[in-house]
Amino acid sequence: MTLEAIKSEIEANVPGCQLEIIPNTSPSAQHSLLVDPAHALTVASFLRDGATVRLDYCSNVTGIDWPVKEVSTKTKVKKIVDGVEKDVDEVVKTQTGGYLEVVYHLYSMEQRQGPVILRMRTEDRADRVHLPSFTPLWRSADFQEREIFDLFGVIFDGHPDLRRLLMWEGFVDHPMRRDYVDPDDYEYEPTPHNEVLKRAREHQSAEGGL
Amino acid sequence: MDEQLKSELSRQGVVATSLQELYNWGRKSSLWPLNFGLACCAIEMIATTMARYDLARFGAEVFRPSPRQADLMIVAGTVTKKMAPQVVRLYNQMPEPKYVISMGACAISGGPFKQGYNVLKGIDRYIPVDVYIPGCPPRPEALIDAFLMLQKKIDEQYLTGPNRPRHLNADMPSEFVVPEFGEHDLEPTQNRDVWKAPLVNISIAGKNDSGSD
């Protein structure tokens, strides 16, 4: 079953849901399906229980941080300058990102199919970071959603036991976010290089070192 | 006592010794490690105690499941920041005299995970370490070598004088600060009485070393 077929199957059975196929241009060509969070739980339970799809196994859940990024694209535009038509470079700046993304890899053991890749996006990276939890549907998502909550800060509504998994209670940061700044413990670096060298230099000048 | 006279006497069947030698011999020959491992180094530690390498030959046959009965802590594996307070607390609960072997790259410095967000950059930031074993993971022979090195270290200790070991000196601490979980890192990030950062001149690091500069 192709992803397009699954998409039309979902659209026929879950009214009002917004789906988008995110193409993957790499040789693996693992295209994924972007689901809107409002209908995500209905879509997921259809994918698990629907007779044709039967995705009964969730193998992996992962998170991605997309910080706000300004992309400028150059296009050649014909313009009339001083009465003469010329090719002029026009720079268009667009903003991408600014959200957290969660990716589910789903398989069907019964139909020997998969993976079907689902994506969900939060509204932003600050406080509107709620997404529905799929743990009630696939138990295997339990620890992985906790890990994403811990390391990315996505809050999964409906998760039975949403606590930090790797870091301790009382830790406030989310270490896998792109803008995470790790604590300044660069006192001793035997062979510093690249990023570590930069941090070690900063540390030593702050401490008034060598 | 003169060494020559002692060996002469032992050939005649007379054993002469000093209290210090007897005391050190007793301590070094019954080092009981704490039964505790953190990562893959622990697998090598287990292999060391099994029949092929047989650490029991050196008097360390019983791994104690309680810190109250152990003399030696083998920190075998990556110490995460979440685990570090428990490791220090276990060390504090061991009675004196107590020793620490820091086994493997991670326990020494954080190893391949040194820049990780949850990895302690060496257990020696919180507790005093007697022997370091490099390796990832070190082979059982390396652990046995470290063990023999520790035995040699114990054998050379004096019972009196300014260089006497910590457990015979009432002024020296036997318990160390247990770090607390902070909002961004452990607090304190190191015990300054135990660990001082080695001086590394980083101003020369990162330069072009091809000679052309």
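Residues numbered from 1 in each chain as written. Chains lettered and ligands numbered in written order. Predicted model: local features only at pLDDT ≥ 70, side-chain atom pairs only at ≥ 80, totals over all residues. Heavy atoms only, no water.

Asker: Is there a simple way to think about the packing of aromatic side chains in this case?
Answerer: Centre-to-centre distance and the angle between the planes together describe a pair of aromatic rings. Counted according to the given criterion, the structure contains six aromatic pairs over all chains. Residues Tyr104 of chain A and Phe134 of chain A carry aromatic rings whose centres are separated by 4.5 Å and whose planes lie at 40 degrees to one another, so their mutual orientation is tilted. Residue Tyr104 of chain A is found in strand E6 (residues 99-108), and its partner Phe134 of chain A is found in the loop between strand E8 (130-132) and helix H3 (141-151); the two are separated by 30 residues along the sequence. Each ring, one from Trp168 of chain A and one from Phe171 of chain A, has its centre 5.1 Å from the other, and the planes form 80 degrees; the classification is edge-to-face. Take Trp168 of chain A and Phe171 of chain A: they sit in the same class, and that class is buried. Here the aromatic cluster, defined as three or more aromatic residues joined through ring pairs, consists of Tyr104, Phe134 and Trp138 of chain A. Note that Arg146 of chain A overlies the ring of Phe143 of chain A, its terminal NZ or CZ placed 5.2 Å from the centroid. One residue, Lys121 of chain B, lies across the ring of Tyr186 of chain A, its end atom 4.1 Å from the ring centre. (Phe/Tyr/Trp six-rings, centres within 6.5 Å; stacked < 30°, edge-to-face > 60°. Helix = DSSP H or I, 4+ residues; strand = E, 2+ residues; numbered from the N terminus. Buried < 20%, exposed > 50% of the residue type's maximum accessible area, 1.4 Å probe, protein only. Lys NZ or Arg CZ within 6 Å of the ring centre and 35° of its normal.)

Asker: Help me out: how do you make sense of the sheet that holds strand E3 (residues 57-66) of chain A in this one?
Answerer: Hydrogen bonds along the backbone pair up the strands of a sheet, which may run parallel or antiparallel. Residue and element names in this part refer to chain A. Pairing within the open sheet is mixed, and its five strands lie in the order E1-E2-E7-E6-E3. A single partner strand is all that each edge strand has here, and the edge strands are strand E1 (19-22) and E3. Direction aside, the axes of adjacent strands within the sheet are offset by 25 degrees on average. Examined bridge by bridge, E6 and strand E7 (residues 113-121) share seven bridges and lie antiparallel to one another. When the bridges of E7 are listed, Glu101 appears paired with Arg121. Across the sheet, helix H1 (residues 3-13) touches E1, strand E2 (32-35) and E7, and the angle it forms with E1 is around 170 degrees. The strands that helix H2 (residues 37-49) touches are E2, E6 and E7; relative to E7, the one it contacts most, it runs at about 165 degrees. (Pairing = 2+ DSSP bridges. Axes fitted to C-alpha atoms, helices over the stretch in contact; angles between N-to-C directions. Contact = heavy atoms within 4.5 Å.)

Asker: Would you mind going over helix H3 (residues 40-49) of chain B with me for this structure?
Answerer: Structurally, the α-helix is built with 3.6 residues per turn, so residues lying three or four positions apart point the same way. Residues and elements named next belong to chain B. Within the span of H3, buried status applies to Cys41, Ala42, Glu44, Met45 and Thr48. Projected down its long axis, H3 carries its buried residues within an arc of 155 degrees, all on one side. Facing away from the buried side of H3, by more than 90 degrees, are the exposed residues Cys40 and Ile43. Looking at the packing, one finds that the buried side of H3 touches strand E1 (72-76), strand E2 (99-103), helix H5 (104-109) and helix H6 (140-155). (Arc of directions from axis to C-beta.)

Asker: How do you make sense of unusual backbone geometry when you look at a structure like this?
Answerer: Note on backbone geometry: most residues besides glycine have negative phi, and most peptide bonds are trans. Geometrically, the link from Glu96 of chain B to Pro97 of chain B is a cis peptide bond, its omega value of -5 degrees lying close to zero. Its location among the elements puts Pro97 of chain B in the loop between helix H4 (84-93) and E2. At the junction of Glu187 of chain B and Pro188 of chain B, the peptide bond is cis and its omega measures out at -5 degrees in the coordinates. Within the fold, Pro188 of chain B resides in the segment after strand E5 (186-187). For Arg54 of chain A, which is not a glycine, the phi torsion comes out positive at approximately 50 degrees. Mapped onto the secondary structure, Arg54 of chain A falls in the loop between H2 and E3. The phi dihedral of Asn194 of chain A falls on the positive side, at around 50 degrees, and the residue is not glycine. Turning to its location among the elements, Asn194 of chain A is positioned in helix H4 (residues 194-207).

Asker: Could you clarify how one ought to interpret the packing of H3 of chain B against H6 of chain B in this entry?
Answerer: The packing of two helices is summarised by the inter-axis angle and the distance between the axes. Residues and elements named next belong to chain B. Here H3 crosses H6 at 75 degrees, and the two axes come no closer than 9 Å. Taken together, H3 and H6 sit at an angle that is classed as roughly perpendicular. Contacts from Glu44, Met45, Ala47 and Thr48 of H3 reach H6 at Pro140, Leu143 and Ile144. (Parallel < 35°, antiparallel > 145°, perpendicular 65-115°, else oblique.)

Asker: Got a minute to help me understand the confidence of the model for chain B in this structure?
Answerer: Interpretation of this model should avoid reading the predicted coordinates in detail wherever pLDDT is low. For chain B, per-residue confidence averages 88 on the pLDDT scale, and residues scoring 70 or more make up 95% of the total. Under the prediction, the complex receives an ipTM of 0.78, its pTM being 0.84. (pLDDT = per-residue confidence, 0-100.)

Asker: Any chance you could explain the pairing of E2 of chain A here in plain terms?
Answerer: Regular strands show a simple pattern: their side chains alternate between the two faces of the sheet. Residue and element names in this part refer to chain A. Burial along E2 is two-sided: the face carrying Ser32 and Leu34 and the face carrying Leu33 and Val35 are both buried. One ladder, built from four bridges, connects E1 with E2; its direction is antiparallel. Opposite Ile21, over in E2, you have Leu33 as the bridge partner. Alignment of E2 against E7, held across three bridges, turns out to be parallel. Each residue of the ladder has a partner; that of Leu33, found in E7, is Leu118.

Asker: Can you help me understand the interface of chain A and chain B in this one?
Answerer: Think of interface size as the accessible area that goes away when the parts come together; that is how it is often given. Taken together, the contact pairs 28 residues of chain A with 26 residues of chain B. Together, the buried faces of chain A and chain B total about 2400 Å²; carbon and sulfur atoms form 58% of this surface. For the pair chain A and chain B, the number of links is four salt bridges. Glu187 of chain A is paired through a salt bridge with Arg125 of chain B; the nearest N and O atoms lie 3.1 Å apart. The interface formed by chain A and chain B contains twelve residue pairs in polar contact (both at pLDDT 80 or more). For the side of chain A that touches chain B, the leading source of residues is H4 of chain A, giving six residues. The residue inventory of the side of chain A that touches chain B, partitioned by class, reads 19 nonpolar, two polar and seven charged. (Buried area = accessible area lost by both parts, 1.4 Å probe. Salt bridge = Lys/Arg side-chain N within 4 Å of Asp/Glu carboxyl O. Polar contact = N/O pair within 3.5 Å; in protein donor to acceptor, adjacent residues only side chain to side chain. Nonpolar A, V, L, I, M, F, W, Y, C, P; charged D, E, K, R; others polar.)

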